[in-house]
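# Secondary and tertiary structure notes
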Amino acid sequence: NPFDDINTPMNRDKSKDYYVTIDEANAYIESVDHPQWKAIIAIARYCGVRGPSDLLYMQRKHVDFDKQQVTFPSVKNGNRVCPMFPQVAEHFRYLCDRENTPSGYLFKDAERAVMERRATGRLSEPQGSSSY
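The structure contained in this document is the topic of the report that follows. Note that the structure is a prediction, hence the values are computed from the model and not measured. (Residues numbered from 1 in each chain as written. Predicted model: local features only at pLDDT ≥ 70, side-chain atom pairs only at ≥ 80, totals over all residues. Heavy atoms only, no water.)

### Looking at the overall build of the protein chain
Within the protein chain, the secondary structure is distributed over four helices and three strands. When the elements of the protein chain are put in sequence order from the N terminus, they spell out α-α-β-β-β-α-α. The buried share among the 132 residues of the protein chain stands at 34%. Considering only contacts within the protein chain whose residues lie at least 6 apart along the sequence, 54% involve residues at least 24 apart. Entry remark: accessible area of the protein chain is about 9200 Å², with carbon and sulfur atoms responsible for 50%. (Helix = DSSP H or I, 4+ residues; strand = E, 2+ residues; numbered from the N terminus. Buried < 20%, exposed > 50% of the residue type's maximum accessible area, 1.4 Å probe, protein only. Contact = heavy atoms within 4.5 Å. Areas by Shrake-Rupley, 256 points an atom, 1.4 Å probe, with all protein chains shown as cover.)

### Considering the nonpolar core
Ranked by internal contacts, the top residues of the largest apolar core, which has 26 residues, are Ile43, Met58, Val63, Phe72, Phe92 and Phe107. Those elements that place two or more of their residues in this core are α2 (35-47), β2 (69-72) and α3 (86-97). Setting aside its immediate chain neighbours within four residues, methionine 58 contacts Val63, Val70, Thr71, Phe72, Pro73, Phe92, Gly104, Tyr105, Leu106 and Phe107. (Core = buried A, V, L, I, M, F, W, Y, C linked by side-chain atoms within 4.5 Å.)

### Some details on the packing of aromatic side chains
Tallied over the full model, the rule gives zero aromatic pairs. Note that arginine 45 overlies the ring of tyrosine 46, its terminal NZ or CZ placed 5.4 Å from the centroid. The positively charged end of arginine 93 is found above the aromatic ring belonging to phenylalanine 65, 3.6 Å away from the centroid. (Phe/Tyr/Trp six-rings, centres within 6.5 Å; stacked < 30°, edge-to-face > 60°. Lys NZ or Arg CZ within 6 Å of the ring centre and 35° of its normal.)

### Points about the pattern of salt bridges
Using the criterion set out here, one finds two salt bridges in the structure. In this structure, arginine 12 and aspartate 17 form a salt bridge, with 2.5 Å as the shortest nitrogen-oxygen distance. On the accessibility criterion, arginine 12 (55% relative accessible area) is exposed. With a closest N to O distance of 3.9 Å, glutamate 30 and lysine 38 form a salt bridge. (Salt bridge = Lys/Arg side-chain N within 4 Å of Asp/Glu carboxyl O.)

Listed below in structure tokens is the structure:
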């Protein structure tokens with residue numbers, strides 16, 4: 001049998017699971033200095049995306065304030081449309097205010113970050129710091 005040497009996945013120890021409450025998530029978001037990283041964490045928490053990898057290719061055209069929805073582009077699984085929840089609206093406003101070009105990336109240094117992620121498997125914090 002060609003599958004004889006394949007190990008089955010281990011069972012997950014559910015006793016180690018921990019649910020992060022809304023208050024804990026908000027406190028963590030507030031503790032972060034860089035507004036782009038605040039956005040990444042908030043969007044990942046409230047929109048259910050894997051951040052930052054699912055966010056790297058987002059462009060201004062993916063955010064529709066009139067319809068209150070966001071499209072998360074994915075080459076692998078197809079685009080996913082998500083409501084713009086109130087908890088992330090200010091973060092998307094910040095990202096879109098600094099990028100007026102529809103095809104412009106919302107997460108600055110995205111090209112550099114993609115290349116770095118491919119090379120190292122990690123994503124570093126953006127350079128510089130600013131506030132809302």
